[in-house]
Amino acid sequence: MGKIIGIDLGTTNSCVAVMEGGEPVVIANAEGARTTPSVVGFQKDGERLVGQVAKRQAVANSDRTVISIKRHMGSDYKVEIDGKKYSPQEISAMILSKLKKDAESYLGETVKDAVITCPAYFNDAQRQATKDAGKIAGLNVLRVINEPTAAALAYGLDKDTTSHKVMIYDLGGGTFDVSILDIGDGVFEVLATSGNNMLGGDDFDKKVMDYLVDEFRKKEGIDLSKDKMAMQRLKEAAEKAKIELSSMTSTNVNLPFITADATGPKHLDETITRQKFDALTSDLVEMTIEPLTKALKDAGLSYGDLAKVIMVGGSTRIPAVIERVKQVTGKEPFKGINPDECVAIGAAIQGGVLTGEVKDVLLLDVTPLTLGIETLGGVCTPLIERNTTIPAKKSQVFSTAADNQPEVTIHVLQGERKFAKDNKTLGQFNLTGIAPAPRGIPQIEVTFDIDANGIVHVTAKDLGTQKSADITITSSTNLSEDEINKAVKEAEQYEEEDKKRKEAVDNRNALDGMIFQMEKALKENGDKLPEEDKAKLEELIKEAKTELESNDNDRIKAATEKLSNEAQAIFAKLYQQAGGQPGGADANADGDTEFHQS
Amino acid sequence: MEQNEQVKKPTVKSLTAENEVLKAELEKAKAETLSTKDSWLRTAADFENFKKRNQDTRINAYKDGKIDIIKKILVVGDTLDRALSMSLDEKTMEGLKMIARQFSETLQAEGVTEINPVGEPFDPNFHEAVMQAPKGENEIPNTVKQVFLKGYKLNDKVIRYAQVVVIGD
């Protein structure tokens, strides 16, 4: 079965979405926008334009441009263009065709099936017309679902099994709808609807524009409404101000050289606070409250009966709208999903339910906690970080911590803490038979492999001898939510302390490694050194060893520095004699890549 | 002897029955493998496509970011044009013209070009009609009479449509 697209066929704007990997995705149109104006324009040469481009030519070609056709769905209304009559279904089909094409170019495959939304108050004829429009566009319309139902689906409200009442408040670009739904066990019942089909975001812009014109008249005595060019600039500035006031408490409308009179150029510079905006538009917000009360009354409910309130439509971004709805209903409105895309997303989810994609979502698990092994100094070295999506596999090469170490112990750990002892032991095993070699030489590859069921398989392999040992741990993901949270919280709590301790261990490992390197160098090249240098070096090593036992981080750090500087000076002489580069005393042992001796 | 007591001698009948069971099991396993392979291929393909799209997304995100910034700066140019259309004293005018030139040169260096279609046929692919003017004498219908706001292209992509007054029929 191919993909099913979900379409919000709106009065002013339309939107299309699809399920992808179990998630709804809004499809951008060919022009890159996520919503498409529901506008169709006919050019004189017969060319048909749909969407943004049709909207741009609407003013210059008004008799051949169709807007808000949705208002006529299901009626006998016909649009006549150049002597040809079009039904609302045919016009809607042109919009649907464009959305279908955009979806196809995004998906790279032909789209046949769709779920289309319509207002809850649409009657059978209007729903049939919506279905027919899809058919004309070459779409097999599997379902026509209610817009509020789609919005509820987008918010996952179908998952609650107990019956509850939900209000959907939809304030779009040009229409306002309110619906009361009864949702229970995946069944949606529309209890009541109400609204105002001549109220929307544009009215809010108009209020701001009127205010700016008034203020300018008061200050400059000039009526900007007579100046079409100035009004065009004002219109855009007003919309911008409205949008900015949704996230800021104040905005500045700055339009220099807006006009001129005999005294010279005039500038418009007006600051609008959110408070001012709210006052200007409060009557519009109030106009939405009456239908709300009416719908509730029709449903035979009171505000207390509502379990949830969902906000849909671009204008519900206005803080005053949210605030007022909250005040009236006593409920914190649900938001979070883009209110312009919410309905299309819900339609796509319905499509996903029909293909079985939603039910059959491949739930990819993650590892709840970090998995790692113990290394030199009791440090927990992570191999697979927490929240890694499984199945996953990772390898890292480690080495021995002592000369001729015959075996290593792989101590498998789970947890977020820096030290092995603070984390949970999942298992332990030995890899034996490592060929005699100085520390740091053997290469032991440790591989963590977690399958889709969370079963961890740990292998240690001596890359020299190809010998390997392994362990399988089946209980790594059997953790309760509480256990996971506790582990993460604890790690945060002890982060600073653990970091200090880890640093101390790292420093200790560094000095230990350096002493080892020095002793080795002394054994190999000691005879080439003058007696006094040799004696000095032996003394330095002895001193460093004492310091190492002190377990005092500062002393260890100081000793490392001293040994490094003085010994290097001695060895440098040796290499200068030989004409080579100093480097034999490079003793930056990396504590992380060595096992502790078992 | 002992063995014969424990293991029944297979008969043709019992072998045929066993064969049937095994065949059925094999068929079931084959079908399962096919469906698993199918869903695996689908997932792999979905992922491939996702990667491809994501690659475009990154490139587009860079372009979109650039366009966003340019679009915001264009407003300054609009104001300059507006100022230049007014009667100001000569010195101020000269200075403003120099700023306007600096502005358009900067944009050009970034690959941004103007759309200023006075007298050209109206084309909604580049223009946005904000008004229609009645046709005057010697005027051609559906051509641009006046440009309220210049449009701009970044390379070939329109980043702002020119707002124009179109001559009616």
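Here's what I pulled together on the structure shown here. From a predicted model like this one, the values you see are computed outputs, not experimental measurements.

A few points about the overall build of chain A
Now for step 1: Within chain A, the secondary structure is distributed over 13 helices and 25 strands.
Now for step 2: Burial statistics for chain A: of 598 residues in total, 50% are counted as buried.
Now for step 3: Sequence separation of 24 or more characterises 64% of the internal contacts of chain A that already satisfy a separation of 6 or more.
Now for step 4: As presented, chain A carries roughly 28,100 Å² of accessible surface, and 47% of it is formed by carbon and sulfur atoms.

Some remarks on the pattern of salt bridges
Residues and elements named next belong to chain A.
Now for step 1: All told, the structure shown has 40 salt bridges over all chains when counted by the stated rule.
Now for step 2: Across the pair Glu519 and Lys545 runs a salt bridge, and its minimum N-O distance is 2.6 Å. One end of the pair, Glu519, is in helix H11 (residues 495-525); the other, Lys545, is in helix H12 (residues 531-550), with 26 residues separating them in the sequence.
Now for step 3: A relative accessible area of 33% places Glu519 in the partly exposed class.
Now for step 4: By relative accessible area, which is 38% here, Lys545 ends up partly exposed.

A short note on the side chain of B:Glu139
Residues and elements named next belong to chain B.
Now for step 1: You can see Glu139 is positioned in the loop between strand S2 (127-133) and strand S3 (144-149).
Now for step 2: A distance of 2.8 Å separates a polar side-chain atom of Glu139 from the backbone nitrogen of Gly136.
Now for step 3: Within the local environment of Glu139, its side chain forms a polar contact with the side chain of Lys145, the two groups lying 2.8 Å apart.
Now for step 4: Excluding its chain neighbours within four sequence positions, the residues that come into contact with Glu139 are Pro134, Lys145 and Ile167.

Considering helix H9 (residues 342-355) of chain A
Residue and element names in this part refer to chain A.
Now for step 1: Helix length check: H9 (14 residues) gives 20 Å between terminal C-alpha atoms against 20 Å at 1.5 Å per residue, within 8%.
Now for step 2: Of the positions making up H9, those classed as buried are Cys342, Val343, Ala344, Ile345, Gly346, Ala347, Ala348, Ile349, Gln350, Gly351 and Gly352.
Now for step 3: Just beyond H9, the residue with positive phi is Gly356, at close to 90°.

Description of the interface of chain A and chain B
Now for step 1: Residue-level contacts link 26 residues of chain A with 25 residues of chain B.
Now for step 2: Together, the buried faces of chain A and chain B total about 2,300 Å²; carbon and sulfur atoms form 57% of this surface.
Now for step 3: Among the residues of chain A in contact with chain B, A:Arg56, A:Met229 and A:Phe257 are the three that bury the most area, contributing 31% of the side total.
Now for step 4: Summed over the shared surface of chain A and chain B, the number is 8 residue pairs in polar contact (both at pLDDT 80 or more).
Now for step 5: Mapped by element, the contributors of at least two residues to the side of chain A that touches chain B are helix H1 (52-57), helix H2 (88-107), helix H6 (228-244) and strand S15 (250-261) of chain A.
Now for step 6: Its residues assigned to classes, the side of chain A that touches chain B shows 12 nonpolar, 5 polar and 9 charged.

Re the sheet that holds strand S19 (residues 379-384) of chain A
Residue and element names in this part refer to chain A.
Now for step 1: One open sheet holds the 4 strands; their spatial order is S19-S18-S21-S22, and the pairing between them is antiparallel. Looking at the sheet topology across the chains shown, the edges are occupied by S19 and strand S22 (424-431). Each strand of the sheet is rotated relative to its neighbour by a mean of 30°, with strand direction disregarded.
Now for step 2: In the sheet, strand S21 (residues 408-414) pairs with S22 via 7 bridges, with the strands oriented antiparallel. Residue pairing across strands places Val412 opposite Gly427, the latter belonging to S22.

Things to note about the pairing of strand S14 (residues 187-196) of chain A
Residues and elements named next belong to chain A.
Now for step 1: Pairing geometry for strand S13 (residues 176-184) and S14, over 9 bridges, is antiparallel. Considered in S14, the bridge of Gly184 is made with Val187.
Now for step 2: Turn length for the S13-S14 hairpin, with the two strands adjacent in sequence and antiparallel, is 2 residues, and the turn residue Asp185 shows positive phi of about 55°.

Regarding unusual backbone geometry
Trans peptide bonds make up most of the peptide bonds, and negative phi angles are found at most residues other than glycine.
Now for step 1: Even without a glycine there, the phi angle at A:Phe257 is positive, about 55°.
Now for step 2: Turning to its location among the elements, A:Phe257 is positioned in strand S15.
Now for step 3: Positive phi, close to 55°, is recorded for B:Asn155, a residue that is not glycine.
Now for step 4: In this fold, B:Asn155 is placed in the loop between strand S4 (151-154) and strand S5 (157-160).
Now for step 5: Given the relative accessible area of 56%, B:Asn155 is considered exposed.

What to know about the environment of A:Asn140
All names here are of chain A.
Now for step 1: Mapped onto the fold, Asn140 is located in strand S11 (residues 140-146).
Now for step 2: The spatial distance from the C-alpha of Asn140 to the C-alpha of Ala114 is 6.1 Å, given a sequence separation of 26 residues.
Now for step 3: If sequence neighbours within four positions are ignored, Asn140 has contacts with Lys112, Asp113 and Ala114.

Structural notes on the packing of helix H2 (residues 12-84) of chain B against helix H3 (residues 90-109) of chain B
Residues and elements named next belong to chain B.
Now for step 1: Packing of H2 against H3 leaves a shortest axis separation of 10 Å and a crossing angle of 150°. Comparing their axes, H3 and H2 come out roughly antiparallel. Pair H2 / H3 crosses with left-handed handedness. Residues Ile70, Ile73, Leu74, Val76, Gly77, Leu80, Ala83 and Leu84 of H2 lie in contact with H3, whose contacting residues are Met93, Leu96, Lys97, Ile99, Ala100, Phe103 and Leu107.

A few points about the packing of aromatic side chains
Centre distance and the angle of the planes are the two values used to describe a pair of aromatic rings.
Now for step 1: Applying the stated criterion to the full structure yields 5 aromatic pairs over all chains.
Now for step 2: One cation-aromatic arrangement involves A:Arg56 over B:Tyr161; the distance from NZ or CZ to the ring centre is 3.4 Å.
Now for step 3: Directly above the ring of A:Phe516 sits A:Arg439, whose terminal nitrogen or CZ lies 4.7 Å from the centroid.

Structural notes on the environment of A:Leu540
Residue and element names in this part refer to chain A.
Now for step 1: Within the secondary structure, Leu540 sits in helix H12.
Now for step 2: Taking the C-alpha atoms as reference points, Leu540 and Lys562, 22 residues apart in sequence, are found 8.5 Å from one another.
Now for step 3: When residues no more than four places from it in sequence are discounted, the contact partners of Leu540 are Lys562, Leu563, Glu566 and Ala567.

Thoughts on helix H3 (residues 124-136) of chain A
Residue and element names in this part refer to chain A.
Now for step 1: With 13 residues, H3 extends 18 Å from end C-alpha to end C-alpha; this agrees with the ideal 18 Å at 1.5 Å per step.
Now for step 2: Those residues of H3 lying buried are Gln126, Ala129, Thr130, Ala133 and Gly134. Buried residues of H3, seen end-on, are gathered within an arc of 140° and therefore sit on one face of the element. Residues of H3 that are exposed and angled more than 90 degrees away from the buried face: Asp124 and Lys135.
Now for step 3: The backbone nitrogen of Ala125 has a side-chain oxygen 3.1 Å away, supplied by the residue at the start of H3, namely Asn123.
Now for step 4: Within two residues after H3, Gly138 carries a phi angle of roughly 85°, on the positive side.

Criteria and thresholds
Residues numbered from 1 in each chain as written. Chains lettered and ligands numbered in written order. Predicted model: local features only at pLDDT ≥ 70, side-chain atom pairs only at ≥ 80, totals over all residues. Heavy atoms only, no water. Helix = DSSP H or I, 4+ residues; strand = E, 2+ residues; numbered from the N terminus. Buried < 20%, exposed > 50% of the residue type's maximum accessible area, 1.4 Å probe, protein only. Contact = heavy atoms within 4.5 Å. Areas by Shrake-Rupley, 256 points an atom, 1.4 Å probe, with all protein chains shown as cover. Salt bridge = Lys/Arg side-chain N within 4 Å of Asp/Glu carboxyl O. Polar contact = N/O pair within 3.5 Å; in protein donor to acceptor, adjacent residues only side chain to side chain. Expected span 1.5 Å × (residues − 1). Buried area = accessible area lost by both parts, 1.4 Å probe. Nonpolar A, V, L, I, M, F, W, Y, C, P; charged D, E, K, R; others polar. Pairing = 2+ DSSP bridges. Axes fitted to C-alpha atoms, helices over the stretch in contact; angles between N-to-C directions. Parallel < 35°, antiparallel > 145°, perpendicular 65-115°, else oblique. Left-handed = near helix turned anticlockwise from the far one by under 90°. Phe/Tyr/Trp six-rings, centres within 6.5 Å; stacked < 30°, edge-to-face > 60°. Lys NZ or Arg CZ within 6 Å of the ring centre and 35° of its normal. Arc of directions from axis to C-beta.

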